[in-house]
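Given next are the chains, with one letter for each unit.
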2 protein chains.
Amino acid sequence: LALAENELRVNMGENIGGGWIEAQNSRGEVGLVPEDYIEVSEKTRGKDKISPGRAVIEPLLLSSLSSLTASLCISLSLSQASNGNDPWSTWNADPSGGSNSNWPSNPEGTQTGKGAADPWGPASQGHPQAYQGPGKFDEWDDEWDETKSTSGYSESGEAGGLQRGGTQASSMKISLNKFPGFSKSGPELYLLCKQIAKGKEKLPIYVGEVGPVWSYPETQIDCIVADPKKGSKMYGLKSYIEYQITPTTTNRPVNHRYKHFDWLYERLLDKFGSAIPIPSLPDKQVTGRFEEEFIKMRMERLQGWMSRMCRHPVISGSDVFQLFLTYKDEKDWKMGKRKAEKDETVGVMIFTTIEPEASDLDPLEVEQKCEQFSKFTKAMDDSVKEILTVGHEHWKRCTGPLPKEYQRIGKALQNLSTVFTSSGYQGEATLTNALTAAGQTYEEIAQLVAEQPKKDLHFLMETNNEYKGLLGCFPDTIGVHKAAIDKVKEGDKLVAANKITTQDKVTMAKRLSTMSYTLQAEMNHFHNNRIYDYNRVMQQYLEEQVKFYETIAAKLRQAHGQFTTM
Amino acid sequence: LALAENELRVNMGENIGGGWIEAQNSRGEVGLVPEDYIEVSEKTRGKDKISPGRAVIEPLLLSSLSSLTASLCISLSLSQASNGNDPWSTWNADPSGGSNSNWPSNPEGTQTGKGAADPWGPASQGHPQAYQGPGKFDEWDDEWDETKSTSGYSESGEAGGLQRGGTQASSMKISLNKFPGFSKSGPELYLLCKQIAKGKEKLPIYVGEVGPVWSYPETQIDCIVADPKKGSKMYGLKSYIEYQITPTTTNRPVNHRYKHFDWLYERLLDKFGSAIPIPSLPDKQVTGRFEEEFIKMRMERLQGWMSRMCRHPVISGSDVFQLFLTYKDEKDWKMGKRKAEKDETVGVMIFTTIEPEASDLDPLEVEQKCEQFSKFTKAMDDSVKEILTVGHEHWKRCTGPLPKEYQRIGKALQNLSTVFTSSGYQGEATLTNALTAAGQTYEEIAQLVAEQPKKDLHFLMETNNEYKGLLGCFPDTIGVHKAAIDKVKEGDKLVAANKITTQDKVTMAKRLSTMSYTLQAEMNHFHNNRIYDYNRVMQQYLEEQVKFYETIAAKLRQAHGQFTTM
């Protein structure tokens, strides 16, 4: 089914299975669309709770079956999840940090009972096999590739513009009536699920000096993204840029195009997104994507993204990430992709693989920690945005009005020198030469000023932009957490209403504790990296600033020396 | 007669003598006004040739008697002569640098004959005894003191604003019909005058390495202007600021108020203005003239003015200047003033005291030199104005937007530090302290940036402003010169027409040569001082600039050192 952006009123049929949903577009055509690209948000109590971005994970967090009778809106996201709009906006609406969350909550506050029929079923935990092969899917992919994104440092469209607001989520709002198939629980899916698949995946959490931490490998993996090359397929009809990635573990380079990074992002978001903030990739761009400046900037950012993923013990150790870095050949890649797409331990179910090596946490402490993290991430988000704003202004000034001023000073001094030379008076030469040199010095200073932001401010901005992206993930994560806290709080009530057993209640509390350990481990990972990153970037910034001003001083000193003492 | 600014249509009666003129104001009142304050400009051929500023000297350069039948406009200048409007404007109108000049020229090109009755008479060469004593004159003076001038660096009225365009000349335009008394020749007065009073005043010009030069004293006089004190008279009803001036020759301080400086200026302008550029004093100001900032700025500028006058061998050696610097007591002062005001060797007659110790110059060379100086002073004037404009813009930027930017950066860093402190994570302290320190450093830098112009740009601006003032005098001086050249060129024609004798023609050529030596000596003096001044001010500017950038670098280096290497 061909859907255009922002089409309305799709009647959803049953979940066909295999991750496909029957839908009807505004032209009345009925067909299949991949679940993957649908963002479902719930209209409850007349409030529109569409969560921007996060195309993949949200269907998993739909309200329970009982809410199906409520009308649902489905947003079809055709682009990667982004933090376009301010993810904190709903937060702001409820500063008390109560049970409001970005996630659709169960409006009726009841669970539909044990073993509630999940219309998604086991298969629905997975994802449509969107990247199966050529043909229809590739066509879909290519249309997707054509989506233009419009972010950048500034309206003036600086080359290699930074991802300021994230990509514009190309969302479609589709009103859904009487949809029987869609029902997702929030964290309840995990809190009350029966079988914990004891797979080989185990993610331990230890309690260290700073508190709960992931298990970090002895040697941290890293990789180098380099050597962008133009590749093509279909006899050169389709072109793309390929990057070479060389992991430090194997030292064997692999090639990936942007589309692959995106696939990896989606997989990571699926699998870990409920517990770990997975920041967006650098922007998609269609026009000008073969331009040298853009390719260079994109590569720099893919490098940053990959390094950050490498730093995370859970992500870097995951099968899908390892596949990305070390696949042997095309066959290996395709098989690995299919396997990853079939992974059922996704969404909130990731918590089933996490094993805190510590005693269960008190729900009160869980709530306190949650509140603390919520406040901190919000405050840091504000602060980071302030730095980005100020930095942007400063960039503009340093590359515009300020160099112009120094140029004018330089020109004025040189003009004076020219006039003096025409005096016909003897003994002018030293002064006029010195004046000319001074004028040229100021013109050189103008040049230095204009080029300086690329040497220092650039990195400060990039780092803060990365953190803006990271911080933008937290409302969702913390939202899941708060929903779980609320669910557990209702424990007694639910037992009394015979919705759950007493054992269920105990299980929920224990599982909440696991979630909390996860969040704390994640925060500690975040803090640790934050301190490292900001230390590094500030040192680099100040070092370059020192060099900058010292260079200017040296130039002026030299100009000064050309004037004789009379 | 009380005249308001810009009153029109005054019918001038006879020259009453003693420097007073009968005039009628727009209300029909008839009375006396001091010649001193009248600027007469001639309406010839329908062209309005009002020369801005120069209240005193212009009446002496009126056209000859034959032009009296032309209607004359009289501008009443109530303020000191200034370079308010662009003195080069008429120059621009005639770029060929022909016989156009700011001075009213003889429209009929004829001299009225030997011993032409000069309505001003010997007495008219002098000046109204405007400063005779209390009473009417003081009243006039005080009204004059009340004239507000409105110059400054910028529209925003910075304290101690620089004289940008000079004072607004408060000119009155008075149309004069059938005025019999006023007639002044241009340079003809000197070129053809009979008696050369061989007074004791002798101003020799020698030919040195650079060309014609004045005779410079062995030790250059200088003086210190200091210690502004509030004085008063009339039992405290009138207040003024007195400055102490201490010449290096006597080391005995004398006191003078602004009014006295102004009197001195007028005397120098009278006496030497046709040959030597006498720059204007710093502005008059009424409101806020007791404010500390203003007093300090005015003193700085009076110091600059006095020093420049001291540097000139002719000016510093003159009786009037010596009187100003070394008068013994009040009686001495008053007597000296009266004597100076009676001096008849003023205006173009100053050339009678100049004695070049060299052979007469070829008129062609005279013209070439004149042209060269004209071009140079014009070009330098343009260049100086460019520097003033650029400097003004830079001043605004350095005291406004730029510090603000650094402040914002500083605040943003400190905010980030505050957020980090709230993380609850161990091991934040070093980073947050370093961030706070970095933020404070940028706030300190903001302060440095805002205060820097006063340390370097200020002096560059002051010097260029002084030169703007000096250069503004040249159109007049060169105008006199060109008029003389033209007159001499007409020599043969005048002889043929029996207007002058052959001997007159020879005399004129010889006297033109004297004028040229004067102009050349003056240009050499100007160049010499120019090179000294610009060397000095540029060194000072660059030295301060070096210190500025080095200080910033040092601060940033210190801030950098607070971040640990991890």
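Per an unreviewed UniProt entry, chain A goes by Sorting nexin and derives from Fundulus heteroclitus. The UniProt entry for chain A carries the following comment under Sequence similarities (unreviewed entry): "Belongs to the sorting nexin family."

A. A look at the overall build of chain A. Across its full length, chain A holds 15 helices and 13 strands. A buried classification covers 58% of the 566 residues belonging to chain A. Considering only intrachain contacts with a sequence separation of at least 6, the fraction spanning at least 24 residues in chain A is 76%. Carbon together with sulfur atoms contributes 52% to the accessible area of chain A, which is approximately 23,300 Å² in total.

B. Broad picture of the interface of chain A and chain B. The interface of chain A with chain B comprises 66 residues on the first partner and 66 residues on the second. Carbon and sulfur atoms make up 66% of the surface buried where chain A meets chain B, a total of about 6,500 Å² over both sides. One can count 6 salt bridges joining chain A with chain B. Note that B:Glu405 and A:Arg397 form a salt bridge whose closest N and O atoms lie 3.1 Å from each other. Connecting chain A to chain B are 22 residue pairs in polar contact (both at pLDDT 80 or more). Elements with a minimum of two residues in the side of chain A that touches chain B: helix H10 (363-399), helix H11 (401-421), helix H12 (429-451) and helix H15 (502-561) of chain A. The dominant element in the side of chain A that touches chain B, judged by the number of residues it contributes, is H15(A), at 23 residues. A per-class count over the side of chain A that touches chain B returns 35 nonpolar, 19 polar and 12 charged.

C. Molecular detail of the pairing of strand E8 (residues 203-207) of chain A. All names here are of chain A. The pairing of E8 with strand E13 (residues 354-356) spans 3 bridges and is parallel. Among the inter-strand pairings, Pro204 is bridged to a residue of E13, identified as Glu355. Across 3 bridges, E8 lies against strand E9 (residues 212-214) in antiparallel orientation. Bridge pairing in E9 places Val207 opposite Pro212. Two successive antiparallel strands, E8 and E9, enclose a turn made up of 4 residues, where Gly211 displays a positive phi of approximately 125 degrees.

D. Molecular detail of the relation of the copies chain A and chain B. Once chain A is rotated about the relating axis by 180 degrees and shifted along it by 0.0 Å, it coincides with chain B to within an RMSD of 0.1 Å. On the angle and the small slide along the axis, the relation comes out as a two-fold axis. Residue by residue, 100% of the interface of chain A is reproduced at the interface of chain B, so both copies engage with the same surface.

E. Quick peek at unusual backbone geometry. Residue and element names in this part refer to chain B. With phi around 50 degrees, Asp227 is a residue other than glycine that occupies positive phi space. By secondary structure assignment, the location of Asp227 is in strand E10 (residues 223-233). The backbone of Asn498 sits at a positive phi, close to 60 degrees, despite the residue not being glycine. By the secondary structure assignment, Asn498 is in the loop between helix H15 (491-496) and helix H16 (502-561).

F. Geometry of the environment of B:Ile278. As for its position among the elements, B:Ile278 is in the loop between helix H5 (258-272) and helix H6 (292-311). Placed 191 residues apart in sequence, B:Ile278 and B:Gly469 show a C-alpha to C-alpha distance of 8.6 Å.

The rules we used
- Residues numbered from 1 in each chain as written.
- Chains lettered and ligands numbered in written order.
- Predicted model: local features only at pLDDT ≥ 70, side-chain atom pairs only at ≥ 80, totals over all residues.
- Heavy atoms only, no water.
- UniProt positions renumbered as here; feature names shortened; annotations may be inferred.
- Helix = DSSP H or I, 4+ residues; strand = E, 2+ residues; numbered from the N terminus.
- Buried < 20%, exposed > 50% of the residue type's maximum accessible area, 1.4 Å probe, protein only.
- Contact = heavy atoms within 4.5 Å.
- Areas by Shrake-Rupley, 256 points an atom, 1.4 Å probe, with all protein chains shown as cover.
- Buried area = accessible area lost by both parts, 1.4 Å probe.
- Salt bridge = Lys/Arg side-chain N within 4 Å of Asp/Glu carboxyl O.
- Polar contact = N/O pair within 3.5 Å; in protein donor to acceptor, adjacent residues only side chain to side chain.
- Nonpolar A, V, L, I, M, F, W, Y, C, P; charged D, E, K, R; others polar.
- Pairing = 2+ DSSP bridges.
- Least-squares fit on C-alpha atoms with pLDDT ≥ 70 in both.

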